[in-house]
Amino acid sequence: FRDDDDINDVASMAGVNLSEESARIMATNSDLVGTQIQSCKDEPFLAAVPLHKRILETAKKLGITDVPAEVVTFISHATQNRLRTVIEKVTVITQHRMESYKDDEWYEQATDVRSQLKFFEQLERLEKQRKDEQEREILLKAAKSRSRQEDPEQARLKQKAKEMQQQELAQMRQRDANLTALAAIGPRKKRKLDSPGLLTIGGEGLSMSGGSQAGLGTPSSRQYARQKITRVNLRDFIFYMEQEPETCHSLLLYRALLK
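Since this is a predicted model, take the numbers as computed values, not measurements.

Peer 1: What am I meant to see in the overall build of the chain here?
Peer 2: Regarding its fold elements, the chain presents eight helices and two strands. Going residue by residue from the N terminus, the α and β elements of the chain occur as α-α-α-α-α-α-β-β-α-α. Residues counted as buried form 11% of the 259 residues belonging to the chain. Look at the contacts in the chain between residues 6 or more apart in sequence, and 44% of them connect residues 24 or more apart. For the chain, the computed accessible surface area is about 23,800 Å², with 55% contributed by carbon and sulfur atoms.

Okay, structure coming up:
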């Protein structure tokens, strides 16, 4: 008992009463005394029966006839972990794609592909307009010509010129009719859908400001923030598969590139 006496002497020298401290600890954690703690039920991520059947079909090709249930559970958890990792990485790629560096002082614009495409589209439009004008002039000349010889090509050009004139006349009438209808309707007023004091339910606006409760609780003019949605497209998955060593040379990547 010498060691216990030494401990009691040290505790008494420090002014600590071991019996009082033990009683205080038991009183503090009295709700945990006698309780049992166990882990949660392990639920697989995938359906166990179809997954087990699929594993058995693959295992029979390799000469394995029995696959225990622990293997199915392990593969299910591995699939869940792999899917979570893929989603996290693709989400990061999508967020990087959606970032804009136009207002960042550390970046400067090197090329503007959108302006280049607009320029090429304008060139194509002008070229098409020039060809249409040339064809129109040829058709008008053919329509005004009064040759006595019955040339089939000349007759075809005259018929085409006549159809073109009728089409232009119909387009002018349609444009005049649209302008008349717009003038009769008047200027359109835009609906304020994002007003702070308006709650839209089923196409009807219910005002919640100005002290009128309308049976929906206390009035409030607070604007609710819209939840940001991250939309992942096929290009993000292709970029992810190109960066991963497991999928950079896979058949799935080539099939995705062909779509």
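More follows now that the structure is in view.
Peer 1: Teacher, can you tell me more about the side chain of Asp 236 here?
Peer 2: Inspection of the secondary structure puts Asp 236 in helix H7 (residues 234-243). Discounting residues that sit within four places of it in the chain, Asp 236 has contacts with Val 90, Ile 93, Thr 94, Arg 97 and Arg 231.

Peer 1: Explain the side chain of Glu 244 here, please?
Peer 2: Following the sequence through the fold, Glu 244 ends up in the loop between H7 and helix H8 (251-258). Judged by relative accessible area, which is 11%, Glu 244 ranks as buried. Separated by 3.1 Å, the side chains of Glu 244 and Lys 89 make a polar contact.

Peer 1: Teacher, can you tell me more about the packing of helix H3 (residues 48-61) against helix H4 (residues 69-98) here?
Peer 2: Working note: a packed helix pair is described by the angle between its axes plus the distance between those axes. Taken N-terminus to C-terminus, the directions of H3 and H4 make an angle of 105°; their axes are 10 Å apart at the nearest point. The angle between the axes of H3 and H4 places the two elements in the roughly perpendicular class. Here Ala 48, Leu 51, His 52 and Ile 55 of H3 come into contact with H4, specifically with Val 72, Ile 75 and Ser 76. Looking at side-chain class alone, the contact of H3 with H4 contains five nonpolar, two polar and no charged residues.

Peer 1: Quick question: what am I supposed to make of the pattern of salt bridges here?
Peer 2: Two side chains with opposite charge may pair up if their charged atoms get near one another. Counted under the stated rule, the structure contains five salt bridges. When the shortest N-O distance is used, the salt bridge between Glu 244 and Lys 89 registers 3.1 Å. Within this pair, whereas Glu 244 is found in the loop between H7 and H8, its partner Lys 89 is found in helix H4, the two being separated by 155 residues in sequence. Between Asp 132 and Lys 128 there is a salt bridge; the shortest N-O distance is 3.3 Å. Placement of both Asp 132 and Lys 128 in helix H5 (residues 113-144) is noted, with a separation of four residues, approximately one turn of the helix.

Peer 1: I would appreciate a short explanation of helix H6 (residues 152-185) in the present structure.
Peer 2: The periodicity of an α-helix, 3.6 residues per turn, causes residues three or four places apart in sequence to face the same way. In this model, H6 (34 residues) spans 50 Å end to end at C-alpha, consistent with the 50 Å of a helix rising 1.5 Å per residue. Buried within H6 are the following residues: Gln 154, Leu 157, Ala 161 and Met 164. Phi turns positive, to about 95°, at Gly 186, one or two residues after H6.

Peer 1: Can you help me understand H7 in this one?
Peer 2: For H7, every residue scored as buried is listed here: Asp 236, Ile 238, Tyr 240 and Met 241. Buried residues along H7 sit against H4 and H8.

Peer 1: Would you take a moment to explain a nonpolar patch on the surface for this structure?
Peer 2: Together, Phe 45, Leu 46, Leu 83 and Ile 87 make up a nonpolar patch on the protein surface, roughly 330 Å² of accessible area in all. Within the fold, Leu 46 resides in the loop between helix H2 (18-28) and H3. Judged by relative accessible area, Leu 46 falls into the partly exposed class, the value being 30%.

Peer 1: Explanation requested: the nonpolar core in the structure shown.
Peer 2: It is characteristic of soluble globular proteins that their nonpolar side chains tend to be buried jointly. Membership of the largest hydrophobic core is limited to eight residues, which are Val 86, Val 90, Ile 93, Ile 238, Tyr 240, Met 241, Leu 253 and Ala 256. For this core, the secondary structure elements donating two or more residues are H4, H7 and H8. Not counting chain neighbours up to four residues away, the residues in contact with Ile 238 comprise Leu 253, Ala 256 and Leu 257.

Peer 1: Even after reading the chapter, I still don't get the confidence of the model for the chain, so can you show me in this structure?
Peer 2: Low pLDDT marks stretches whose predicted atomic positions should not be read closely. Looking at the chain as a whole, the pLDDT averages 77, with 72% of positions reaching at least 70. Below a pLDDT of 50 lies the segment residues 195-221, which in the model reaches 27 contacts outside its immediate sequence neighbourhood of four places, other chains included.

Peer 1: For this particular structure, what's the right way to read the packing of H7 against H8?
Peer 2: At their nearest, the axes of H7 and H8 sit 10 Å apart, and the two run at 145° to each other. In this structure, H7 crosses over H8, and the sense of that crossing is left-handed. Contacts between H7 and H8 pair Leu 234, Ile 238, Met 241 and Glu 242 from the former with Leu 252, Leu 253, Ala 256 and Leu 257 from the latter. Split by residue class, the contact of H7 with H8 holds seven nonpolar, no polar and one charged.

The rules behind these values
Residues numbered from 1 in each chain as written. Predicted model: local features only at pLDDT ≥ 70, side-chain atom pairs only at ≥ 80, totals over all residues. Heavy atoms only, no water. Helix = DSSP H or I, 4+ residues; strand = E, 2+ residues; numbered from the N terminus. Buried < 20%, exposed > 50% of the residue type's maximum accessible area, 1.4 Å probe, protein only. Contact = heavy atoms within 4.5 Å. Areas by Shrake-Rupley, 256 points an atom, 1.4 Å probe, with all protein chains shown as cover. Polar contact = N/O pair within 3.5 Å; in protein donor to acceptor, adjacent residues only side chain to side chain. Axes fitted to C-alpha atoms, helices over the stretch in contact; angles between N-to-C directions. Parallel < 35°, antiparallel > 145°, perpendicular 65-115°, else oblique. Nonpolar A, V, L, I, M, F, W, Y, C, P; charged D, E, K, R; others polar. Salt bridge = Lys/Arg side-chain N within 4 Å of Asp/Glu carboxyl O. Expected span 1.5 Å × (residues − 1). Patch = residues over 30% accessible without salt bridge, like charges linked within 9 Å, V, L, I, M, F, W, Y side chains within 5 Å. Core = buried A, V, L, I, M, F, W, Y, C linked by side-chain atoms within 4.5 Å. pLDDT = per-residue confidence, 0-100. Left-handed = near helix turned anticlockwise from the far one by under 90°.

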